[in-house]
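A look at the structure
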Amino acid sequence: MATSKTTNTYNRQNWEDADFPILCQTCLGDNPYIRMTKEKYGKECKICSRPFTVFRWCPGARMRFKKTEVCQTCSKLKNVCQTCLLDLEYGLPIQVRDAALKLKDDLPKSDVNKEYYIQNMERELQRSDSGVLTNKLNEPNDLLMRLARTAPYYKRNRPHVCSFWVKGECRRGEECPYRHEKPTDPEDPLADQNIKDRYYGINDPVADKLLKRAAAMPALPPPEDKTITTLYIGNLGNLTEQDIRDHFYQYGEIRSVSLVAKQQCAFVQYTTRAAAETAAEKTFNKLILGGRRLTIKWGRSQGRAGPSINPSLDAYEPVPGLPGTLPELSNNFFNLEPGHIPLPNMPPPPSLIVPPMFGPPPMPPFFFNPPQISAYVPTAASSSTVTGEGTVGAPKTTVHYPSQDPARLGATQLHADRQE
Ligand SMILES: [Zn+2]
Ligand SMILES: [Zn+2]
Ligand SMILES: [Zn+2]
């Protein structure tokens, strides 16, 4: 039921004329100097069926031509791209977004009502640019943040797969503008999308898939080692220690906050495990400070040997230098004699210094959790207290071996890294 430009004029003033399309990054493509053609009242909107201005462009080399599919009013009503109908803010299907924000749309689906509604809404939109939807969209949302695309996905603009080639019948060879590639699984629900369903946010196979994925996403389980009360906070940007403190104090008493500016991360240590667990639960994947989504992980355990280190340190104080007095190491992978422990020239493996590993221990430390590391941590300025409880309280312990000296060899480097 095409609306002819010449015969159907009764409602012409409601036809839509636009100077620029409303598009998402992906549909626009990666070329900043894109060329577009514009056709006034070129087609009818696939949702409200009013004629609107159609834009056509090629979103990059070897991509297929795209055009706007729905009118700007329909696009604004849902805050979606005129072409792909994905949410402009998160790049997600409407169904996913509305489920996450618990939005209910009252858009009538019958033709007459729809026309009336759209016209009213259009007037509404002209009056104020920010509707209820925009307000809702500005609230940070855990689910949306987790699912959102953070970068444009240009692959989506590729030509479709050549159906002739699939049957082995394409004679165009190199010239063929379609993709000569094995089609994705025909069962793939993504291959079959209905634009109206997508717009109304119902029966959207992509949305189903994403929501299932979200449900399967991991939480942040508290580590077994109950002595860990430290959380790693990453992606800080320019946030200050005070910003961190201001946010995290609400979950319980904080023992220390240490900011590692160079790594843009911080460690927040609580006085109680319960507080740390609350903080982890309330912030994991949903904390936005200063417009940044922060990464939350649990601080790492100092190793199973952790608690036994302190008593042992005390134990061998009176007889320095005796190999036998060193603590039994549970992670002595090289089967070395206890006396061989210091490997002074070996730089610490990156996993021991780079904070992001403070989550689940990726693998056992490459070399032993040497007692000397824990021993000097307190001296490494309280500003980088990254250790578990056991070692933090340790006083400046007497140095028994040259390698235990924080100012020496490998130890120096470790020391320096921690300080940064
Ligand atoms: Zn429309
Ligand atoms: Zn788009
Ligand atoms: Zn072909």
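Throughout, residues of each chain are indexed from 1 in the direction in which the sequence is written. For naming, the first written chain is A and the first written ligand is 1, with later ones following in the order written. pLDDT decides what is reported in this predicted model: residues at 70 or higher carry local features, side-chain atom pairs at 80 or more are listed and counted, and totals for whole chains, interfaces and linings draw on all residues regardless.

1. A look at the confidence of the model for the protein chain
Note on scores: pLDDT gives the predictor's confidence for each residue, bounded by 0 and 100. When pLDDT is averaged along the protein chain, the result is 72; 60% of the residues meet or exceed 70. Helix and strand definitions follow DSSP, with helices as H or I runs of at least four residues and strands as E runs of at least two, each counted in order from the N terminus. When mean pLDDT is taken per element in the protein chain, strand β2 (residues 51-57) scores highest with 93 and helix α12 (residues 306-315) scores lowest with 40. Once C-beta atoms are placed from the backbone, any two residues with those atoms within 7 Å are in contact. Between residues 364-394, whose pLDDT stays under 50, and residues either more than four places distant or in other chains, the model counts 82 contacts. Taken together, the stretch residues 412-420 has pLDDT below 50 and engages in 17 contacts with residues farther than four places along the chain or on a different chain.

2. A closer look at the UniProt feature "domain: C3H1-type" (unreviewed entry) in the protein chain
UniProt marks residues 156-183 with the feature "domain: C3H1-type" (unreviewed entry), using the numbering shown here. Spanning residues 156-183, this segment combines 14% helix with 0% strand, and its end C-alpha atoms are found 14 Å apart. UniProt positions are given in the numbering used here, feature names are shortened, and annotations may be inferred rather than shown by experiment.

3. Notes on the sheet that holds strand β3 (residues 66-67)
Spatially, the three strands line up as an open sheet ordered β1-β2-β3, and their pairing is antiparallel. Each edge of the open sheet is held by one strand with a lone partner, namely β1 (36-44) and β3. Only when DSSP finds a minimum of two bridges between them are two strands counted as paired. When β2 meets β3, the two strands line up antiparallel, connected through two bridges. Looking across to β3, one finds that W57 is bridged to K66.

4. Notes on the pairing of strand β5 (residues 254-260)
It is a general feature of regular strands that their side chains alternate between the two faces of the sheet. Pairing between β5 and strand β6 (residues 265-270): six bridges, direction antiparallel. Bridge pairing links I254 to Y270 in β6. Counting the residues in the hairpin turn of β5 and β6 gives four residues, including Q264, whose phi is positive at 55°.

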